[in-house]
Amino acid sequence: MSTNVLRVEDVTMQFGGVVAVDNLSLEVNEGEIVALIGPNGAGKTTAFNCITGVYEPTNGRVSFYGKELVESYPHGKMKKTYIGENAGRYTKRLVQTPDKITKEGIARTFQNIRLFSSMTVFENVLIAKHMRAKQNFLTATFRLNHAEEKRMREETMELLKMQHLDHLKDEIAGSLPYGIQRRLEIARALATNPKLLLLDEPAAGMNPQETLELAEFIRQIRDEYKLTIFIIEHHMDLVMQISDRLYVLDFGKLLAQGTPEEIQNDQRVIDAYLGVSEDA
Amino acid sequence: MKKRNVIICALLYLAAILAIVVLEKFLPPTHIALAVLKKGCIYSLVAVSMNLLNGFTGLFSLGQAGFMLIGAYTYAVLTIPVAERDSVYMYFDGGIIQFSVPVFVGLLAAGLLAALLAWLIGLPVLRLKSDYLAIATLGFAEIIRAFFQWDELGVITNGSNMLRKYPTFTTTLFPFLVCSACIAVIVLLIHSSYGRAFHAIRDDEIAAEAMGINLAKHKRLSFCISSFFAGVGGGLLAMYQTSIQAMTFKSAMTYEILLIVVIGGLGSVTGSCIASFLFIASSEWWLRFLDTEMTIGNFKVPLLRAGFRKVVFSIIIMVIVLFARKGIMGDHEFSIDGICSFFKNLGKKKEVKS
Ligand SMILES: Nc1ncnc2c1ncn2[C@@H]1O[C@H](COP(=O)(O)OP(=O)(O)O)[C@@H](O)[C@H]1O
Ligand SMILES: [Mg+2]
């Protein structure tokens with residue numbers, strides 16, 4: 001039994017009257033590649049946002065390597081309007097901004113790429129080194145931190161080389177082709193030295209050939225950087241090929257979980273999601 | 001930066017100093033060109049400091065005049081010689097502050113107090129999104145202005161009366177050296193790890209946060225540093241004007257500086273500097289003739305009368321905002337390499353044509 005990395009317990013996210021994530025519980029263990037699949041609007045991205053601190057969940061708890069990251073319960077106006085389950089179970093509020101959670105070791109990419117589009121490829125990756133630097137604004141301004149700055153730049157260059165992006169280092173990120181922007185976004189996430197990497201539809205907009213390469217790439221970074229990977233993806237070939245386990249979400253609720261074979265043969269999943277596309 | 005460029009920059013800087021010395025030698029001390037240079041230097045500093053926040057960090061704040069006011073008052077209040085206090089604070093029995101500090105301490109205090117206030121209001125205000133931030137900071141500046149005119153505080157601020165008789169400067173070199181040193185510090189900051197973090201926040205807040213950048217902390221830092229230099233700029237403006245009154249630090253002043261920043265280009269330090277000098281020179285010197293009636297022979301030139309300058313000025317600004325939204329420089333910098341490659345390209349084009 002390998003170490004538990006991410007544990008999501010009874011997480012519900014309610015926007016007004018809409019329950020986007022409904023009592024979701026899941027686990028991701030060390031070294032695994034786990035996929036979260038489901039139709040559009042099922043609440044997958046919202047689940048990621050609850051884990052990374054972008055949203056405070058309405059109810060539930062998220063822990064990382066056994067340490068509690070986020071916990072909340074319906075409070076304020078939500079006390080009356082809450083329509084989810086397990087209303088009384090959590091009694092503590094622990095809210096952290098996304099930067100704290102990144103510092104803990106969870107990095108992510110976004111469904112609609114979010115690069116620093118007016119900065120160069122090199123700077124995009126270099127930014128990730130800022131959070132762990134010991135400098136303060138005075139030492140940084142007056143260049144008393146040159147040893148650290150040099151180290152940050154060297155690490156960045158090393159990472160770019162490993163990701164085969166070094167020849168593009170002075171290009172403006174926003175002007176790069178789509179596929180490269182995706183890879184840069186992953187490289188940037190890796191630069192934060194994460195233990196857990198969350199990928200939100202990394203193959204969106206890629207052709208079959210690129211998708212295949214991406215699958216290989218994800219496995220490779222998992223091994224090279226000793227990562228655990230939690231991935232949202234629509235390309236079923238990719239998901240079935242690389243993931244150890246899957247969770248299927250439908251209308252915010254967990255519909256099924258299991259190995260790729262189990263999911264592919266699960267009648268409920270086929271009806272709700274895989275259905276026609278697999279047969280066609 | 002390449003070694004060659006450093007040398008060229010240093011030479012250009014020395015040349016600028018030399019030019020100022022020569023101008024001061026040959027122009028009468030009251031010549032408008034010298035006034036434009038002095039004020040242009042000060043406005044460059046406040047414009048660059050505003051650009052740090054609005055252009056480089058992407059926070060649309062309109063509190064500049066408020067922070068300049070704090071700076072101007074701090075400087076003036078602290079540096080008026082003890083012997084002069086009775087005459088300055090004549091309605092307030094000479095005020096309660098009975099010491100005075102040297103000029104540089106005064107300027108430093110001006111910046112620090114402005115930064116302290118920015119730090120205090122930063123936490124609640126910087127949570128607001130764009131338009132609301134602008135409104136809140138504008139409101140803050142107006143409150144500050146009213147506060148400094150409040151008679152109850154007269155023993156410190158002299159109420160709505162003028163502050164004067166504090167040390168001023170006569171040579172243009174003083175504002176030039178102080179402002180260029182301050183701008184140099186801002187440029188160093190922009191090119192440091194913190195400057196990159198500000199830039200990342202401007203490009204995409206959510207991504208910046210996901211990269212481990214603490215938004216609240218970095219926005220507040222940028223706000224404080226920007227206000228620090230606005231405060232120093234305010235102190236210098238007080239020196240330039242030789243007397244100050246809270247009344248003059250209206251929101252119109254913030255708009256002037258905002259215009260300079262936009263005309264120069266959001267995110268361009270050199271753009272802000274160039275635009276400052278152009279703006280000050282046009283408004284105080286080159287467009288002056290529009291305000292005076294003129295007759296050539298028997299022909300009375302139409303439209304020229306008091307106030308027409310403002311009309312023309314507004315039209316120019318509207319044209320810039322409508323047709324050159326990125327300003328003179330966009331977010332590029334004026335650089336030696338840029339000029340070299342410009343001329344090289346020019347050469348190449350000519351070769352192709354011939
Ligand atoms: N900030 C928000 N406010 C209101 N509704 C939201 C918000 N974010 C997501 N939703 C809703 O939550 C549901 C799930 O969205 P999302 O998580 O993006 O789905 P998926 O990523 O699975 O396609 C959608 O119905 C969406 O409209
Ligand atoms: Mg999504």
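Residues numbered from 1 in each chain as written. Chains lettered and ligands numbered in written order. Predicted model: local features only at pLDDT ≥ 70, side-chain atom pairs only at ≥ 80, totals over all residues. Heavy atoms only, no water.

Another aspect to go through is the coordination of the magnesium ion (ligand 2). Residues and elements named next belong to chain A. Every protein donor of the magnesium ion (ligand 2) is accounted for by Thr45 (OG1) and Gln111 (OE1), and the metal-donor separations fall at 2.0 to 2.1 Å. Separated by 66 residues along the polypeptide, Thr45 in helix α1 (residues 44–51) and Gln111 in the loop between β6 (106–108) and α4 (121–126) bring together distant segments of the chain. Owing to a relative accessible area of 31%, Gln111 belongs among the partly exposed residues under this scheme. (Donors = N, O, S within 2.8 Å, 3.2 Å for Na, K, Ca; no water. Helix = DSSP H or I, 4+ residues; strand = E, 2+ residues; numbered from the N terminus. Buried < 20%, exposed > 50% of the residue type's maximum accessible area, 1.4 Å probe, protein only.)

Another point: the sheet that holds β6 of chain A. Residues and elements named next belong to chain A. Judged by pairing direction, the sheet is mixed, and its 6 strands sit side by side in the order β6-β7-β8-β3-β9-β10 without closing on themselves. Pairing within the sheet leaves two strands with one partner each, and these edge strands are β6 and β10 (253–258). Averaged over neighbouring strand pairs, the angle between their axes works out to 20 degrees when direction is ignored. In this fold helix α8 (residues 208–224) packs onto β3 (33–37), β7 (196–200) and β8 (228–232), with an angle of close to 155 degrees to the strand it touches most, β8. (Pairing = 2+ DSSP bridges. Axes fitted to C-alpha atoms, helices over the stretch in contact; angles between N-to-C directions. Contact = heavy atoms within 4.5 Å.)

What follows is about the packing of helix α1 (residues 3–26) of chain B against helix α8 (residues 173–190) of chain B. All names here are of chain B. For the pair α1 and α8, interaxial distance at closest approach is 10 Å and the crossing angle is 160 degrees. With respect to α8, the axis of α1 lies roughly antiparallel. Along this stretch, α1 crosses α8, giving a crossing that reads as right-handed. Contact with α1, carried on its side by Tyr13, Ala16, Ile17, Ile20 and Val21, involves Leu173, Phe176, Leu177 and Ser180 of α8 and no other residues of that element. Of the residues assigned to the contact of α1 with α8, the class counts are 8 nonpolar, 1 polar and no charged. (Parallel < 35°, antiparallel > 145°, perpendicular 65-115°, else oblique. Left-handed = near helix turned anticlockwise from the far one by under 90°. Nonpolar A, V, L, I, M, F, W, Y, C, P; charged D, E, K, R; others polar.)

This brings us to the site of ligand 1. Residue and element names in this part refer to chain A. Near ligand 1 you find Phe15, Ala20, Pro39, Asn40, Gly41, Ala42, Gly43, Lys44, Thr45, Thr46 and Tyr55, and these make up its full shell. Gly43 is positioned with one of its backbone polar atoms (N or O) 2.9 Å from an oxygen atom of ligand 1. For ligand 1, whose accessible area on its own is 560 Å², the fraction buried by protein is 62%. No other element matches the 3 residues that α1 contributes to the shell around ligand 1. Within the shell around ligand 1, the residues separate by chemical class into 5 nonpolar, 5 polar and 1 charged. (Near = heavy atom within 4 Å. Polar contact = N/O pair within 3.5 Å; in protein donor to acceptor, adjacent residues only side chain to side chain. Areas by Shrake-Rupley, 256 points an atom, 1.4 Å probe, with all protein chains shown as cover.)

Together, Lys100, Lys103, Arg132 and Lys195 of chain A together with Lys217 of chain B line one region of the surface with positive charge. Along the chain, Lys217 of chain B falls in helix α11 (residues 215–241). By relative accessible area, which is 47% here, Lys217 of chain B ends up partly exposed. (Patch = residues over 30% accessible without salt bridge, like charges linked within 9 Å, V, L, I, M, F, W, Y side chains within 5 Å. Salt bridge = Lys/Arg side-chain N within 4 Å of Asp/Glu carboxyl O. Lys, Arg positive; Asp, Glu negative; His and termini not counted. Charge placed at Lys NZ, Arg CZ, Asp CG, Glu CD.)

What follows is about the nonpolar core. In terms of nonpolar packing, the biggest core is built from 93 residues, with Leu45, Phe67, Leu163, Leu236 and Ile244 of chain B touching the most fellow members. Once residues lying within four places of it in the same chain are set aside, the contact partners of Leu45 of chain B are Cys179, Cys182, Ile183, Ile186, Phe229, Val232, Gly233 and Leu236 of chain B. Judged by nonpolar contacts, the second largest core, of 63 residues, contains Met157, Leu238 and Tyr273 of chain A together with Leu215 of chain B. (Core = buried A, V, L, I, M, F, W, Y, C linked by side-chain atoms within 4.5 Å.)

How big an interface is tends to be stated in terms of the accessible area lost upon association of its parts. With 26 residues of chain B in contact, the opposing surface of chain A contributes 33 residues. Carbon and sulfur atoms make up 64% of the surface buried where chain B meets chain A, a total of about 2500 Å² over both sides. Taken as a group, Tyr194, Arg196 and Met211 of chain B account for 28% of the area that chain B buries against chain A, more than any other trio of residues on that side. The tally of links between chain B and chain A comes to 2 salt bridges. Arg196 of chain B is the partner of Glu149 of chain A in a salt bridge, and the nearest nitrogen-oxygen pair spans 3.1 Å. Seen at the junction of chain B and chain A, the total is 13 residue pairs in polar contact (both at pLDDT 80 or more). (Buried area = accessible area lost by both parts, 1.4 Å probe.)

Attention now goes to the domain arrangement of chain A. Residues and elements named next belong to chain A. Its domain assignment divides chain A into domain 1 (1–105 + 194–280) and domain 2 (117–193). The interface is formed by 18 residues belonging to domain 1 together with 13 residues belonging to domain 2. Summed over both partners, the interface of domain 1 with domain 2 comes to about 1300 Å²; 67% of that surface belongs to carbon and sulfur atoms. For the pair domain 1 and domain 2, the number of links is 0 salt bridges. (Domains from an automatic or database assignment.)

Residues and elements named next belong to chain A. Pairing within the open sheet is antiparallel, and its 4 strands lie in the order β2-β1-β4-β5. Sheet topology places β2 (18–29) and β5 (67–72) at the edges, where each strand pairs with a single neighbour. The mean inter-strand angle of the sheet, taken between neighbouring strand axes irrespective of direction, is 15 degrees. Where strand β1 (residues 4–15) and strand β4 (residues 59–64) come together, 5 bridges link them in antiparallel fashion. In the strand pairing of β4, Val8 is matched with Val62. Sitting on the sheet, α1 touches β1, β2, β4 and β5, and the angle it makes with β1 is about 115 degrees.

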